[in-house]
Amino acid sequence: MTSDTRPDEDGAVTPAGRRRPAGDRVALRADLRSAVPDATAAVVGTVLVFALLWARMESGASDTVAVMPFMDDAGTYWMYLLSQAFGWSGLLWAWGTVMLGLLLSGPRPGRLPVTRQVLERWHRTTSLTTMALMFAHALMFAAELVRYETKVDWAERLWVAFADTFVPGWYDSGTGQVAIPIGQGALYLAIPLGLLFYVRHRIGANTWRRLHRFVIVVYVLSVWHTLLYGTNVWYGEWPRTVLWLLQLPVAALLLARLVRPARRAERLDLPKRGAGTARQAWWWGRAAGRVVAGAVVVGLVVVVVSGRDGGRDRPAHPPATAPHAQETD
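No experiment lies behind these values; they were computed from the predicted model shown. Throughout, a residue's number is its position along its own chain's written sequence, starting from 1. pLDDT decides what is reported in this predicted model: residues at 70 or higher carry local features, side-chain atom pairs at 80 or more are listed and counted, and totals for whole chains, interfaces and linings draw on all residues regardless. Only hydrogens and water are removed before side-chain values are computed, so all heavy atoms of the structure are retained for them.

A. Layout of the packing of helix 3 (residues 78-105) against helix 11 (residues 247-259). Between helix 3 and helix 11, the shortest axis-to-axis distance is 9 Å and the interhelical angle comes to 25 degrees. Taken together, the axes of helix 3 and helix 11 lie roughly parallel to each other. In the crossing of helix 3 with helix 11, the sense of the turn from one axis to the other is left-handed. Across the interface between the two elements, Trp95, Val98, Met99, Leu102 and Ser105 from helix 3 touch Gln247, Pro249, Val250, Leu253, Leu254 and Arg257 from helix 11. Residue composition of the contact of helix 3 with helix 11, by class: 8 nonpolar, 2 polar and 1 charged. Lines are fitted to the C-alpha atoms to define the axes, a helix being fitted only along its stretch in contact, and any angle between axes, read from their N-to-C directions, falls within 0 to 180 degrees. Each helix is a run of H or I in the DSSP string that is no shorter than four residues. Each strand is a run of E no shorter than two, and both are numbered from the N terminus. Roughly parallel covers angles under 35 degrees, roughly antiparallel covers those over 145, roughly perpendicular covers 65 to 115, and oblique covers all other angles. For any pair of crossing helices, the crossing counts as left-handed if the nearer helix is rotated counterclockwise from the farther one by less than a right angle, and right-handed if it is rotated clockwise. Should any heavy atoms of two residues lie within 4.5 Å, those residues are counted as being in contact. Each residue is assigned to one class: nonpolar for Ala, Val, Leu, Ile, Met, Phe, Trp, Tyr, Cys and Pro, charged for Asp, Glu, Lys and Arg, and polar for all the others, Gly among them.

B. The arrangement of a nonpolar patch on the surface in detail. Think of a patch as exposed residues, more than 30% relative accessible area, with no salt bridge, where like charges cluster within 9 Å and nonpolar side chains (Val, Leu, Ile, Met, Phe, Trp, Tyr) cluster within 5 Å. Accessible surface area values rest on a Shrake-Rupley calculation with a 1.4 Å probe, where residue burial reflects the displayed protein chains alone. Between Lys or Arg on one side and Asp or Glu on the other, a salt bridge is scored when a side-chain nitrogen of the former is within 4 Å of a carboxyl oxygen of the latter. Taken together, the side chains of Leu189, Ile203, Leu211, Phe214 and Val217 define a hydrophobic patch exposed on the protein surface, amounting to about 360 Å² of accessible area. By secondary structure assignment, the location of Leu189 is in helix 6 (residues 176-195).

C. Spotlight on helix 5 (residues 154-166). Each residue after the first adds 1.5 Å to the expected span of a helix. Taking 1.5 Å of rise per residue, the 13 residues of helix 5 would be expected to cover 18 Å, and the 18 Å separating its terminal C-alpha atoms lies within 8% of that figure. Taken together, the buried positions of helix 5 are Arg157, Val160, Ala161, Ala163, Asp164, Thr165 and Phe166. Where helix 5 is buried, its residues contact helix 4 (116-148) and helix 6. The buried label applies to any residue whose accessible area, calculated with a 1.4 Å probe on protein chains only, is under 20% of its type's maximum; exposed applies above 50%, and partly exposed to all values in between.

D. Structural view of the side chain of Arg157. Of note, Arg157 is situated in helix 5. The class for Arg157 is buried, based on a relative accessible area of 12%. With sequence-adjacent residues up to four places away left out, Arg157 is seen in contact with Val146, Arg147, Glu149, Thr150 and Val152.

E. Up close: the side chain of Thr226. Within the secondary structure, Thr226 is located in helix 9 (residues 215-229). Those residues within four positions of Thr226 in sequence are excluded, and the remaining contacts are Trp88, Leu91, Val233 and Leu243.

F. Up close: the pattern of salt bridges. Taken as a whole and judged by the stated rule, the model has 6 salt bridges. Note that Asp63 is salt-bridged to Arg314, the shortest N-O span being 2.8 Å. A residue pair is termed long-range when its members are at least 10 positions apart, and Asp63 in helix 2 (residues 63-67) and Arg314 in the segment after helix 12 (277-306) qualify at 251 residues. With relative accessibility at 39%, the residue Arg314 sits in the partly exposed group. For Glu120, the salt bridge is made with Arg116, and the minimal N-O distance between the two is 3.2 Å. Separated by 4 residues within a single helix, Glu120 and Arg116 lie in helix 4, roughly one turn from each other. Glu120 gets classed as partly exposed once you look at its relative accessible area, which sits at 25%. Three or more residues are tied together by salt bridges with common partners; here these are Asp63, Glu237 and Arg314.

G. Main features of the nonpolar core. Residues grouped as a nonpolar core are buried Ala, Val, Leu, Ile, Met, Phe, Trp, Tyr and Cys residues, joined through side-chain atoms within 4.5 Å. By size, the foremost hydrophobic cluster in this structure holds 33 residues, and its most contacted members are Tyr80, Met134, Phe141, Val218 and Tyr229. Listed by contribution, the elements that provide at least two residues to this core are helix 2, helix 4, helix 5, helix 6 and helix 9. In terms of residue count, helix 4 provides more of this core than any other element does, 8 residues in total. Counting 15 residues, the second-largest nonpolar core is a separate cluster that includes Phe50, Ala74, Leu81 and Leu82.

Geometric descriptors of this kind do not, in isolation, establish any biological role.
In structure tokens:
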């Protein structure tokens, strides 16, 4: 005989005879509607960051200008400032959605201000907003490159901007040779991993869970990209230290999620006597992951306390070089 209940994609049970929700497109449309307030808040945040960056450039206090003095003109380089603003709001939203995801998949808090269903919806909507912000960040960077490449015709300008922004390994100037491919990797992983939720009934819940774990890789790449290429945290001063400090709760929640996962099947129980080599290797791999997460927490504490955060020293005479040589016919 078969059971009267069956597990759905999230592990809950659905009584037999009750129809599941309509297809993935309906769920995506519902989440897109729910994301409108979240996206609105993200736009407001981006505008505020843009205004701050503009004011700092106008006042002469901009770290971007300290790194690249030729950009000391907010009216000319406003698209670059807007790209920066989208990048910072995107990183903030990525931080929030990762925190929500780790909270949901780790030890269950005793009390929550809202229901678990609300937290799950927030996790999905902030994920959608984060993807949009990341794409806007890249798009405005490309728009600035189109404006910059004045020595070639429009078709060539569009191609150069597209390639420098979206083709890994194409950008060939300075720190961007490493930082931009890292950012591209974050973008190209974020979109499929974020949207897989809406087709999980097709690929299977277990497959979706295994793939969804790589979202933390997207976040790590995003932070790495910012530390390498974010001129506002270029120097070893307090803004960079604050960015490192914000990673402490992420690392702590990740460690808690690995040590005490919400799902019983993910707990690190000792393999039974006589277990196969593959299962023992998997156990040791998972145990090593917990050790690495603990080491990351310790490392972050050391970075924040010591102030040795990889920032550059502010030069007395900053370079006046352009981002890269303009293309010519």
